[in-house]
Amino acid sequence: AAGIPAVLLTPLHGRMSTWAEQHFQRDLTGLKTELPDLLAVLSASSSLARLGSAILPRIEEAMHAVRIALLVDGRLVGVRGVSKAAAQHSIRQWPEPTGVELFDRNDNTLFPLRMALLCPFGSVRAWLLLGPRPDGSFYGQDELDALQAIAPPIQRALFVVAERDFAEAREGRLRRAMARSIKLIEARLSVLEDGIHLAGADH
C-alpha cells in the first residue's frame with residue numbers, strides 16, 4: 001500500500017515537469033526540438049557565414065543573451081549584439097582553458113560563457129560565445145542543459161560545412177593558380193610568335 005502513491009505520483013510528476021517545461025520554458029523547448037532539423041537542412045548547402053546567421057538569432061532569443069558569436073577555426077563567422085571588432089578584441093583576452101570541457105566560464109565582460117564545439121576527432125573546432133542575460137545574471141541549469149542538448153547537432157553541421165568551405169576554397173585557389181599559369185604560357189607563346197614573325201620578315 002505504501003508503494004501505491006509512489007507508483008501513481010511518478011508518472012504524474014513526469015507529466016507535470018513536461019507541462020512546466022513546455023509552458024514556462026517554451027523558448028528552450030523550441031530550441032532543442034527545432035534547431036537540429038534546421039541544422040540538418042543548412043548543412044546540405046550553406047556556408048559557415050550563412051549557418052551562423054541562421055542559428056545565432058535563434059540561440060540568442062531562446063537563451064535571452066544580450067550578445068552571441070560563433071568562432072570557427074579561429075575565425076569569427078557570426079556575431080550579434082556587439083561589433084565584430086569588439087568581439088575579436090574580447091576573444092584575444094581569453095585565458096586558455098585548462099582542459100577540454102563543454103562549458104568554459106570566465107570573467108570576460110562580453111562573453112562570460114563559451115561552449116566548445118568538437119570535431120569528430122575530439123579537438124575543439126569552434127566556440128559558441130554567449131554574453132550575459134539582460135539583467136547581467138548568469139545562466140541557470142535549464143539553459144545550460146539546453147545548450148548541451150544542441151551541441152551535438154551544431155558540431156555535426158559545423159564539421160560538414162567547414163570541410164566543404166575548406167574544399168571549395170582550395171579548389172578556388174587551384175583554379176586561380178591554373179588561370180595564372182595559362183595566362184603566363186599564353187604571354188610567352190605570344191612573345192615567341194612575335195619573334196618568329198619578325199625573323200620571317202627579316203628573311
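Computed from a predicted structure; not experimentally measured.

A. View of the sheet that holds strand β1 (residues 68-72). Pairing is antiparallel in the open sheet, where five strands are placed in the order β2-β1-β5-β4-β3. Edge positions in the open sheet fall to β2 (75-80) and β3 (103-105), since each of these has one partner strand only. Strand-to-strand, the axes of this sheet are offset by a mean angle of 20°, without reference to chain direction. Judged from the six bridges that link them, strand β4 (residues 113-118) and strand β5 (residues 124-130) form a sheet pairing that is antiparallel. Bridge assignment links leucine 113 to a residue of β5, and that residue is leucine 130. Strand contacts of helix α3 (residues 48-63): β1, β2 and β5, with the helix running at about 40° to β2, the strand carrying the most contacts. Lying on the sheet, helix α4 (residues 84-92) is in contact with β1, β2 and β5; it crosses β2 at an angle near 125°.

B. Structural detail: the nonpolar core. With 35 residues, the main nonpolar core has Ile59, Leu117, Leu128, Leu130, Leu147 and Leu158 as its most contacted residues. The set of elements that each furnish at least two residues to this core consists of α2 (26-42), α3, β1, β4, β5 and α5 (141-202). Counting residues per element, this core draws most heavily on α5, which supplies ten residues. When neighbours within four sequence positions are excluded, leucine 117 is seen to be in contact with Leu70, Ser123, Val124, Arg125, Ala126, Trp127, Leu128, Ala151, Ile154, Gln155 and Leu158. Counting residues in hydrophobic clusters, the runner-up holds twelve residues, among them Trp94, Leu110, Ala116 and Trp127.

C. Geometry of the confidence of the model for the protein. Overall, the predicted model of the protein reaches an average pLDDT of 83, with 81% of residues at or above 70. Ranking the helices and strands of the protein by mean pLDDT puts β1 first, with 95, and helix α1 (residues 3-24) last, with 51.

D. Examining a nonpolar patch on the surface more closely. On the surface, Ile185, Leu189, Leu192 and Ile196 cluster together into a nonpolar patch covering about 400 Å² of accessible area. Among the secondary structure elements, leucine 189 is positioned in helix α5.

Conventions and cut-offs
- Residues numbered from 1 in each chain as written.
- Predicted model: local features only at pLDDT ≥ 70, side-chain atom pairs only at ≥ 80, totals over all residues.
- Heavy atoms only, no water.
- Pairing = 2+ DSSP bridges.
- Helix = DSSP H or I, 4+ residues; strand = E, 2+ residues; numbered from the N terminus.
- Axes fitted to C-alpha atoms, helices over the stretch in contact; angles between N-to-C directions.
- Contact = heavy atoms within 4.5 Å.
- Core = buried A, V, L, I, M, F, W, Y, C linked by side-chain atoms within 4.5 Å.
- Buried < 20%, exposed > 50% of the residue type's maximum accessible area, 1.4 Å probe, protein only.
- pLDDT = per-residue confidence, 0-100.
- Patch = residues over 30% accessible without salt bridge, like charges linked within 9 Å, V, L, I, M, F, W, Y side chains within 5 Å.
- Areas by Shrake-Rupley, 256 points an atom, 1.4 Å probe, with all protein chains shown as cover.
- Salt bridge = Lys/Arg side-chain N within 4 Å of Asp/Glu carboxyl O.

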